[in-house]
Amino acid sequence: GLPKDYNMYILLIPVTLFLFYIASEMKLKDRPIYKKIRVAGVLVYFSHLLVNYFVEKGIKIIEKIASVDLLPYEWIITILSVTILAFLVERLSHQNRFKWMQWLYS
């Protein structure tokens, strides 16, 4: 049916502007972790749809085999998988054997 309250939609624009202003004015010290988080964020942004596709396929296969309903947990599995994958790629890309992985985020 129809939503009972539209306050979320009305205040969404001012809240977004306010949070963007806070984020742009925040002065942070230069730390190495920020570069890792930035790279991981780019990797999450570009790979989450692909990871979600494979999670959906995996859930369908598991549901056929074990008759377990994992669909409510799909978003948790996707978030955990894509975050682990992003930090793993970021970490491995600094090793000589896996330098080629840097093209994924550079």
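1. Describing the overall build of the protein
In terms of helices and strands, the protein carries three helices and zero strands. Its C-alpha radius of gyration of 19 Å places the protein more than 25% over the 13 Å reference for a compact globule of 106 residues. Seen along its three principal axes, the alpha-carbon backbone of the protein occupies a region of about 45 × 45 × 20 Å. Split into buried and exposed, the 106 residues of the protein put 16% on the buried side. A separation threshold of at least 6 residues defines the contact pool for the protein, and within that pool the share at least 24 residues apart is 50%.

2. A short note on the environment of Tyr73
Tracing the sequence through the fold places Tyr73 in the loop between α2 (32-66) and α3 (74-92). Taking the C-alpha atoms as reference points, Tyr73 and Tyr53, separated by 20 residues in sequence, lie 14 Å from one another.

3. A closer look at the nonpolar core
Val39, Ala40, Leu43, Ala86, Val89, Met101 and Tyr105 form the largest nonpolar core, which has seven residues in total. Elements supplying a minimum of two residues to this core: α2 and α3. A per-element tally of this core places α2 first, with three residues. Setting aside anything within four residues of it in sequence, one finds Met101 in contact with Val89, Leu92 and Ser93. One finds Val51, Val55, Ile59 and Val82 within the second-largest nonpolar core, a separate group that totals five residues.

4. Points about unusual backbone geometry
Peptide bonds are trans in most cases, and residues, glycine excluded, mostly fall at negative phi. Positive phi, normally seen in glycine, also occurs at Ser67, with a value near 45°. Of note, Ser67 is situated in the loop between α2 and α3.

5. Overview of a nonpolar patch on the surface
A contiguous nonpolar surface patch, about 930 Å² in accessible area, is contributed by Ile10, Leu11, Val15, Phe18, Leu19, Tyr21, Ile22, Met26 and Leu28. With respect to the helices, strands and loops of the structure, Ile10 is situated in helix α1 (residues 7-25).

6. Here's the deal with α2
Residues spaced three or four apart along an α-helix face the same direction, because each turn holds 3.6 residues. Relative to the 51 Å expected for 35 residues at 1.5 Å per residue, α2 spans just 44 Å between its end C-alpha atoms, considerably shorter than the ideal helical length. In the structure, α2 departs most strongly from a straight axis at Ser47, where the bend amounts to approximately 55°. Three or more residues of α2 are buried, namely Val39, Ala40, Leu43, Ser47, Val51, Val55 and Ile59. In this structure, the buried side of α2 is in contact with α3. A positive backbone phi angle near 45° is found at Ser67, which sits one or two residues after α2.

Cut-offs and rules
- Residues numbered from 1 in each chain as written.
- Predicted model: local features only at pLDDT ≥ 70, side-chain atom pairs only at ≥ 80, totals over all residues.
- Heavy atoms only, no water.
- Helix = DSSP H or I, 4+ residues; strand = E, 2+ residues; numbered from the N terminus.
- Rg over C-alpha atoms; globule rule 2.2 N^0.38 Å.
- Buried < 20%, exposed > 50% of the residue type's maximum accessible area, 1.4 Å probe, protein only.
- Contact = heavy atoms within 4.5 Å.
- Core = buried A, V, L, I, M, F, W, Y, C linked by side-chain atoms within 4.5 Å.
- Patch = residues over 30% accessible without salt bridge, like charges linked within 9 Å, V, L, I, M, F, W, Y side chains within 5 Å.
- Areas by Shrake-Rupley, 256 points an atom, 1.4 Å probe, with all protein chains shown as cover.
- Salt bridge = Lys/Arg side-chain N within 4 Å of Asp/Glu carboxyl O.
- Expected span 1.5 Å × (residues − 1).
- Bend = angle between axes of the 7 residues up to and from the residue.

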